[in-house]
Structure formats: structure tokens, C-alpha cells
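Listed below, chain by chain, are the residues.
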Amino acid sequence: MIKMTGVQKFFDDFQALTDIDLEVPAGQVVVVLGPSGSGKSTLCRTINRLETIEEGTIEIDGKLLPEEGGELAKIRADVGMVFQSFNLFPHLTIKDNVTLGPMKVRKMKKSQANEVAMKLLERVGIANQAEKYPAQLSGGQQQRVAIARALAMNPKIMLFDEPTSALDPEMVNEVLDVMASLAKEGMTMVCVTHEMGFARRAADRVLFMSDGAIVEDSDPESFFTNPQTDRAKDFLGKILAH
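Residues numbered from 1 in each chain as written. Predicted model: local features only at pLDDT ≥ 70, side-chain atom pairs only at ≥ 80, totals over all residues. Heavy atoms only, no water.

**Observations regarding the overall build of the chain**
Within the chain, the regular secondary structure consists of 9 helices and 10 strands. Taking 18 Å as the expected radius of gyration for a compact globule of 242 residues, we find that the chain reaches 18 Å, a close match to that expectation. Along the first, second and third principal axes, the C-alpha atoms of the chain reach 55 × 45 × 30 Å. Classification of the 242 residues of the chain by burial places 52% in the buried group. Surface exposure of the chain reaches about 11,300 Å², of which carbon and sulfur atoms provide 49%. The distance from the centre of the 27 positive side-chain charges to the centre of the 34 negative ones in the chain is 8 Å. (Helix = DSSP H or I, 4+ residues; strand = E, 2+ residues; numbered from the N terminus. Rg over C-alpha atoms; globule rule 2.2 N^0.38 Å. Buried < 20%, exposed > 50% of the residue type's maximum accessible area, 1.4 Å probe, protein only. Areas by Shrake-Rupley, 256 points an atom, 1.4 Å probe, with all protein chains shown as cover. Lys, Arg positive; Asp, Glu negative; His and termini not counted. Charge placed at Lys NZ, Arg CZ, Asp CG, Glu CD.)

**Side note on helix α6 (residues 169-184)**
When the terminal C-alpha atoms of α6 are compared, their 23 Å separation across 16 residues agrees well with the 22 Å that a helix rising 1.5 Å per residue should span. The set of residues buried in α6 consists of M171, V172, V175, L176, V178, M179, A180, L182 and A183. Tucked inside the fold, the buried residues of α6 contact β3 (29-33), α4 (110-123), α5 (139-151), β7 (157-161), β8 (188-192) and α7 (196-202). Backbone geometry just after α6 places G186 at a positive phi near 90°. (Expected span 1.5 Å × (residues − 1). Contact = heavy atoms within 4.5 Å.)

**A few points about the nonpolar core**
Ranked by internal contacts, the top residues of the largest apolar core, which has 50 residues, are L33, I147, M158, F160, M179 and M189. By residue number, the principal contributor to this core is α6, which donates 9 residues. Ranked by size, the runner-up nonpolar core spans 27 residues in total, among them V32, L72, L207 and M209. (Core = buried A, V, L, I, M, F, W, Y, C linked by side-chain atoms within 4.5 Å.)

**Examining the pattern of salt bridges**
Under the defined criterion, the tally for this structure stands at 14 salt bridges. Between R45 and E51 there is a salt bridge, with the nearest N and O atoms lying 3.5 Å from each other. Take R45: its relative accessible area is 24%, and that puts it in the partly exposed class. Under the relative-accessibility criterion, E51 is labelled buried at 17%. We note a salt bridge from D211 to R231, for which the minimum N-O separation is 3.2 Å. Placement of the pair is D211 in the loop between β9 (205-210) and β10 (213-218) and R231 in helix α9 (residues 230-240), with a sequence separation of 20 residues. Among the charged side chains, a network of salt bridges with common partners joins D61, D78, R106 and K156. (Salt bridge = Lys/Arg side-chain N within 4 Å of Asp/Glu carboxyl O.)

**What to know about the UniProt feature "domain: ABC transporter" (unreviewed entry) in the chain**
The feature "domain: ABC transporter" (unreviewed entry), as given by UniProt, occupies residues 2-236 in the numbering adopted here. A helix fraction of 37% and a strand fraction of 26% characterise residues 2-236, whose end C-alpha atoms lie 27 Å from each other. (UniProt positions renumbered as here; feature names shortened; annotations may be inferred.)

**Structural notes on the sheet that holds β7**
Here 6 strands make up an open sheet; going across it, the order is β6-β7-β8-β3-β9-β10 and the pairing mixed. Only two strands of the sheet have a single partner each, and these edge strands are β6 (79-82) and β10. Averaged over all pairs of adjacent strands, the angle between strand axes in this sheet comes to 20°, irrespective of strand direction. As paired strands, β9 and β10 are joined by 5 bridges and run antiparallel to one another. Each residue of the ladder has a partner; that of S210, found in β10, is A213. Each of β6 and β7 is contacted by α5, which is oriented at about 170° to β6, the strand it contacts most. Packed on one face of the sheet, α9 meets β3, β9 and β10 and runs near 100° to β9. (Pairing = 2+ DSSP bridges. Axes fitted to C-alpha atoms, helices over the stretch in contact; angles between N-to-C directions.)

**A few points about the side chain of Q8**
Relative to the helices and strands, Q8 resides in strand β1 (residues 2-11). Using a relative accessible area of 11% as the deciding quantity, one classes Q8 as buried. One polar contact links Q8 to Q15, side chain to side chain, over a distance of 2.6 Å. (Polar contact = N/O pair within 3.5 Å; in protein donor to acceptor, adjacent residues only side chain to side chain.)

**Some words on the pairing of β6**
Neither face of β6 is open: one carries V79 and M81, the other G80 and V82, and all of them are buried. Note: β6 against β7, 4 bridges, orientation parallel. Its bridge partner lying in β7, G80 is registered against M158.

**As for the packing of helix α3 (residues 94-104) against α4**
Where α3 meets α4, the axes come as close as 9 Å, and the angle between the chain directions of the two elements is 125°. Here α4 runs oblique to α3, going by the angle between their axes. Considering only the axes of α3 and α4, their crossing is right-handed. Where α3 abuts α4, its residues I94, K95, V98, T99 and M103 lie against K110, A113, N114, A117, M118 and L121. Taken together, the residues that form the contact of α3 with α4 break down as 7 nonpolar, 2 polar and 2 charged. (Parallel < 35°, antiparallel > 145°, perpendicular 65-115°, else oblique. Left-handed = near helix turned anticlockwise from the far one by under 90°. Nonpolar A, V, L, I, M, F, W, Y, C, P; charged D, E, K, R; others polar.)

What follows is the structure in C-alpha cells.
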């Protein structure tokens, strides 16, 4: 579903991604871990070309990602993305935030888009908030709207870039629960997160990044019980000690 080959990414002189080769089959849940500045978010953002790349190729569902234009927009519409900040439109109601994409991009009729939106808001547990505005919701609720909005496009892949790091601790689980249920339903997912419990519970595969490279790629059990590199051991030592 996702194939990255020889991907290099620079910010001026700084190399943010080095020789990234990655294949993610349909239905796999990949959690990307690593210290700050290791390239996790950059990796996530290159998958739908929010960040350009200097070298290499990226394919989504067998199609090469072009650099720009209508074809890119078409492929991008199949890739849902949920960010750290919820990026909801403050002047639109929750329901209108969710229906906007399907109507504009998928050319869905308003009545059908409303129906889809209500089903998805029900699914993420906030159908009763549909007529409210983002500012009237808690952070956890806003992030669940952001997930519903991404799902409304009926994506083939969902990318999550630290979706819980801006939330108060008691709101984290309500978002992770929605993500875990998506994982169970077979959504192809790439999640950048610091939530180790989620990684253990929901991931099929853990990638550990350091200095812009993928240095470990294994199943959660192996990674957490027997990391192969000193960098991963050091990282886990610091995180799991708390």
C-alpha cells in the first residue's frame, strides 16, 4: 500500500531522512518511534508529499506520487492525515468540518455527506456534538472530529502524526481507543506516537528511527523485549523507566 525507495530529504544542509526503504502492505499498522528530531514526522509527512523529497520514489497503492498537480491531489485524497494540532476550521460546525472534503473533493451530495458524517461522528463517540463549533469541544473531542473528517474521504491509508501529544493525559485514551478500533478493522496505518502502550497493543510492526534513518524494524514484542541497537535500548530505557 505504501512503498518508499531510496528516499532522501534535506532541509538546507541538514539531512532529515537518509536512505528510507519501506514497504507497508494493506491492513498493516506501523508505529514509528524514536527520539525527538529523529525524522519520524518528516517520514510521515513525505508519504503524502506534505514534505517534498530530494531523491527516491514513493508509491501509494502502486501509483507513483508525482510532485504536484491534479494527479497528486487524487492520490492524496486516498491518504487521510491526522496531525498534532487538530486543524479544524473554527468557523464551521463539527458536522460541516466532516462533510467539506467529501462534498468538495469527492463531489458527494450534501444529504449523503451529512449521513456519512453522522455515522462517523457516532463511531468516534461525538454525534451529539455535531452542531457545535470546534472551540466548544475538548481537545480529545476535537481530535476525534479530525479522525472522522479524515475517514469521511474513505481513505486507503491513515497517517497519524503524534495525534495525542497536544492533549491532556486524560484525553489521550479516548483518541487512542478510536485509533485501536480502526486498526482492528484492517485500516492501513502509519502512526508516529510516543504512546508505548498503544504501540504494544495495536501495532503489527514497530519502526525505530534515529538520525533520519530506520534503524530497527520488528514486531512490537521483539522491539520492546529485545531491541537490537544501543540507540533503541537507550531510548526504551529512558521512556520505560518513568
